[in-house]
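For reference, the chains in residue letters:
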Amino acid sequence: MNPYVLAILLSSLGLGTTLTFASSHWLLAWMGLEINTLAIAPLMAQHHHPRAVEATTKYFLTQATAAAMILFASTTNAWMTGEWSINDLSNPIANTMFMAALALKIGLAPVHFWMPEVLQGLDLLTGLILSTWQKLAPFALIVQTAQNIDPLLLTLLGITSTLVGGWGGLNQTQLRKILAYSSIAHMGWMIIVIQYAPQLTLIALGTYIIMTSAAFLTLKMSLTTKISTLTTTWSKNPVLASTTALVLLSLGGLPPLTGFMPKWMILQELTKQDLPIIATAMALAALISLYFYLRLCYAMTLTVSPNTTNSTTPWRTQTTQTSLPLALSITATLGLLPMTPTILMLTT
């Protein structure tokens, strides 16, 4: 892709998200979401592969549907209340419609079906943008309006997403689909606590972005998109293979890694709110997710010689990827747990 075109598209992505962040008016927020969608579409289709074009079409249709629902919900709210302000979302019909639209935007269950299919058709870097940056603008709107939305709806979306994210990833062999289901499960954790402690949602979103960046960048470095090729990474880059295993365990939420921090604080908040059954359900759903992360770790670090694999062992080729973002994201993914009190103090 032409570097000037790439620069325009990336700056448009930044502009769309910033516009949604800064807006207090529904039309401005909607405009930011639309700029975001239109800017990422050429990035998704840049390889001209039929799968990439199909993924772009699916993504555009779902995002356009969600944007139309947001516009309809905000117009309904303005018609009923006479207000276009984001914070003044008092009409229950508009509330529910708006939450459904944003759930479709970020891929919450039960409207998650586009997410694994779209991510599977993209290259790893565009998939990284879709899994991290594209979640920010819708989440900004959810955080602003969470207090007006029905708590039962938020709880159902959260529990369903963590369960679907766990169950869906169990029988996958494609790493991008596994990361898509991982994303759905993490979104569920963020949504479940947003009505009680929005700052915990922001902490969970931040750690999710760091961990997902580390996962995508390590897969990009080792050029793997399937579990079968993952089994040969130890011969190509042993150090990277061992750190990737730790990154996956961090995504699963095992202590003493960074991924444990948001899960720990969210479960603590749910028990404080006198919701032990929901907290137990979330913890059990996290165990299902942990299983497929462990499956990847097993394939990567324990299927070494003398076990046989069907994949050809790759050459130790030099990569052109810069290693600084990878090193920073891996360090943050593995070592932020001792910083928990500081992070809590900064966000509250």
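The chain is annotated in an unreviewed UniProt entry as NADH-ubiquinone oxidoreductase chain 2 of Spinibarbus sinensis. Of the chain, the UniProt comment under Subcellular location (unreviewed entry) reads exactly: "Mitochondrion inner membrane". UniProt annotates the chain under Catalytic activity (unreviewed entry) with the comment "a ubiquinone + NADH + 5 H(+)(in) = a ubiquinol + NAD(+) + 4 H(+)(out)".

Draft legend 1. Expanded view of the overall build of the chain. In terms of helices and strands, the chain carries 17 helices and zero strands. Summarising its shape, the C-alpha atoms of the chain cover approximately 70 × 50 × 35 Å along the three principal directions. On the chain, roughly 15400 Å² of surface is accessible, and the fraction owed to carbon and sulfur atoms is 70%. Measuring between centres, the 13 positive side-chain charges of the chain sit 21 Å from its 9 negative side-chain charges.

Draft legend 2. A look at the UniProt feature "domain: NADH:quinone oxidoreductase/Mrp antiporter transmembrane" (unreviewed entry) in the chain. Here, the residues flagged by UniProt with the feature "domain: NADH:quinone oxidoreductase/Mrp antiporter transmembrane" (unreviewed entry) are residues 23-288. Helix makes up 77% of residues 23-288 and strand makes up 0%, while its end C-alpha atoms are separated by 38 Å.

Draft legend 3. Quick look at the packing of aromatic side chains. What the rule picks out here adds up to four aromatic pairs. A ring pair is formed by F292 and Y293, whose centres lie 4.9 Å apart and whose planes are at 50°; its orientation type is tilted.

Draft legend 4. Quick look at the environment of A279. Locating A279 in the fold gives a position in helix α15 (residues 276-301). Taking relative accessible area as the criterion, A279 reaches 7% and is therefore assigned buried. Residues A279 and L267 lie 12 residues apart in sequence; the distance between their C-alpha atoms is 5.5 Å. Ignoring sequence-local partners within four residues, the contact set of A279 consists of L267, L270 and T271.

What counts as what
Residues numbered from 1 in each chain as written. Predicted model: local features only at pLDDT ≥ 70, side-chain atom pairs only at ≥ 80, totals over all residues. Heavy atoms only, no water. UniProt positions renumbered as here; feature names shortened; annotations may be inferred. Helix = DSSP H or I, 4+ residues; strand = E, 2+ residues; numbered from the N terminus. Areas by Shrake-Rupley, 256 points an atom, 1.4 Å probe, with all protein chains shown as cover. Lys, Arg positive; Asp, Glu negative; His and termini not counted. Charge placed at Lys NZ, Arg CZ, Asp CG, Glu CD. Phe/Tyr/Trp six-rings, centres within 6.5 Å; stacked < 30°, edge-to-face > 60°. Buried < 20%, exposed > 50% of the residue type's maximum accessible area, 1.4 Å probe, protein only. Contact = heavy atoms within 4.5 Å.

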